[in-house]
Amino acid sequence: MSSAIVPVYARADIAFERGDGCWLTATDGERYLDFGGGIAVASLGYSHPHLVAALSEQGAKLWHSSNLFQIPGGERLAARLAEATFADLVFFSNSGAEANEAAIKMARKRQSVGGHPERYRILTFEGAFHGRTLATIAAGGQAKYIEGFGPKVDGFDQIPITDLAAVEAAIGPGTGAIMIEPIQGEGGVRVVAPAFLRGLRRICDERGLVLIFDEIQTGVGRTGRLFAYELVGVTPDIMTIAKGIGGGFPMGACLATADAAKGMTAGVHGTTFGGNPLAMAIGNAVLDVVLEPGFVERVAHLGLLLRQRLAELRDRHPQIVEEIRGEGLMVGVKLKVPNTEFAAAARAERLLTIPAGDNIVRLLPPLILTEEELSEGVLRLDAACRRMESEIAAMRKGVAE
Ligand SMILES: *Cc1c(COP(=O)(O)O)cnc(C)c1O
């Protein structure tokens, strides 16, 4: 199929034309159970009546007014996010990468106004993913995203997530911040040890560094807590969110303590689209649902159930499945067969999953998943495992003949 779109995506040959809850319907009429959630974006699934109502209502009133004027919906969303988290202040962006750009600039500015303009460097970790802008590819540090795009943006030093002594050793006079995903998403649902995150907090406190959590994938209920930092009992100084907060509408945010945001005064940063009335109406509508009593607890319960079922799946298919990991409805299935082939086998069973680093497929279903849908998804994963097993058997037979 010829396409006029810049071919940076390896797309499956399926187009969806409608969605309903956890289900997507393709143009050929086939229905798929979506355990990918558009990469953790469709937090409330598709066509959620409360989101559709918010979009239609705001859509008929005002989409955009610019940040030259007051935006009451944005004031409300910021106040609610601050109320629900460690943060005092919120900057709205249009995407995750832009939220991280805001976080990076905020941390550097904080050091600068604190009398340390030389502390602009940020420690990041191997396997990280922070976005695709020039600064965030440098922060993520993955060669495949950096190569060929000119000089790597200076100011990011990357180390493996090993021990805190290595972190201490990597901190130099130019270090001003540490940036980490509490659970690496694209890197392969790698859960960072709580003790490591608590250690980072201590180091940042001792050395006057800004601690940034990238919760663009883990945030907004995904891990069975409103934010993953709650799982480990430490709070960052700055936290970025995106994916789930828009429920499918492109938006992001950089949340911060008043102290971390100290240098962010009128005119030093901004965006044309960020925080527009339409995005804010939808963000508020997502929060209406996610903040309902019991909502995130239910996600935690479903997550436990899913990992239990997947542990059984691993026992039934030891040739295919190596390990299950994750928190809440952010689950990684580490495979012994190539993850893209497994994802294709799952697609053949009309189940969507998302390949990630470390030969993982990620399961990131809408948070409104029912227990019946959870069971149905596991059945389909089981069928995908059996497909892979018969392929392996056929290959062996071919070799033997
Ligand atoms: C998706 C993601 C980003 C980038 O978000 P975009 O909206 O694609 O710019 C950054 N960090 C993490 C952890 C992500 O999962």
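This structure is a prediction, so every number in the text was calculated from the model and none was measured.

Visitor: An account of the domain arrangement of the chain is requested, with residue identities and associated values reported.
Guide: Here the chain is partitioned into domain 1 (16–34 + 294–400) and domain 2 (49–290). Distance between the C-alpha centres of domain 1 and domain 2: 29 Å. Facing 20 residues of domain 1, the contacting portion of domain 2 comprises 21 residues. Carbon and sulfur atoms supply 64% of the area buried between domain 1 and domain 2, which totals about 1600 Å² over both sides. If you look at where domain 1 meets domain 2, you find 1 salt bridge. Between R362 and E186 there is a salt bridge, and its shortest N-O distance comes to 2.9 Å. Taken together, domain 1 and domain 2 are joined by 9 residue pairs in polar contact (both at pLDDT 80 or more). Secondary structure elements with two or more residues in the side of domain 1 that touches domain 2: helix 11 (295–316), strand 13 (321–327), strand 14 (330–335) and strand 17 (360–363). The element best represented in the side of domain 1 that touches domain 2 is helix 11, accounting for 4 residues. Tallied by class, the residues present in the side of domain 1 that touches domain 2 amount to 12 nonpolar, 4 polar and 4 charged.

Rules of the game
- Residues numbered from 1 in each chain as written.
- Predicted model: local features only at pLDDT ≥ 70, side-chain atom pairs only at ≥ 80, totals over all residues.
- Heavy atoms only, no water.
- Domains from an automatic or database assignment.
- Contact = heavy atoms within 4.5 Å.
- Buried area = accessible area lost by both parts, 1.4 Å probe.
- Salt bridge = Lys/Arg side-chain N within 4 Å of Asp/Glu carboxyl O.
- Polar contact = N/O pair within 3.5 Å; in protein donor to acceptor, adjacent residues only side chain to side chain.
- Helix = DSSP H or I, 4+ residues; strand = E, 2+ residues; numbered from the N terminus.
- Nonpolar A, V, L, I, M, F, W, Y, C, P; charged D, E, K, R; others polar.

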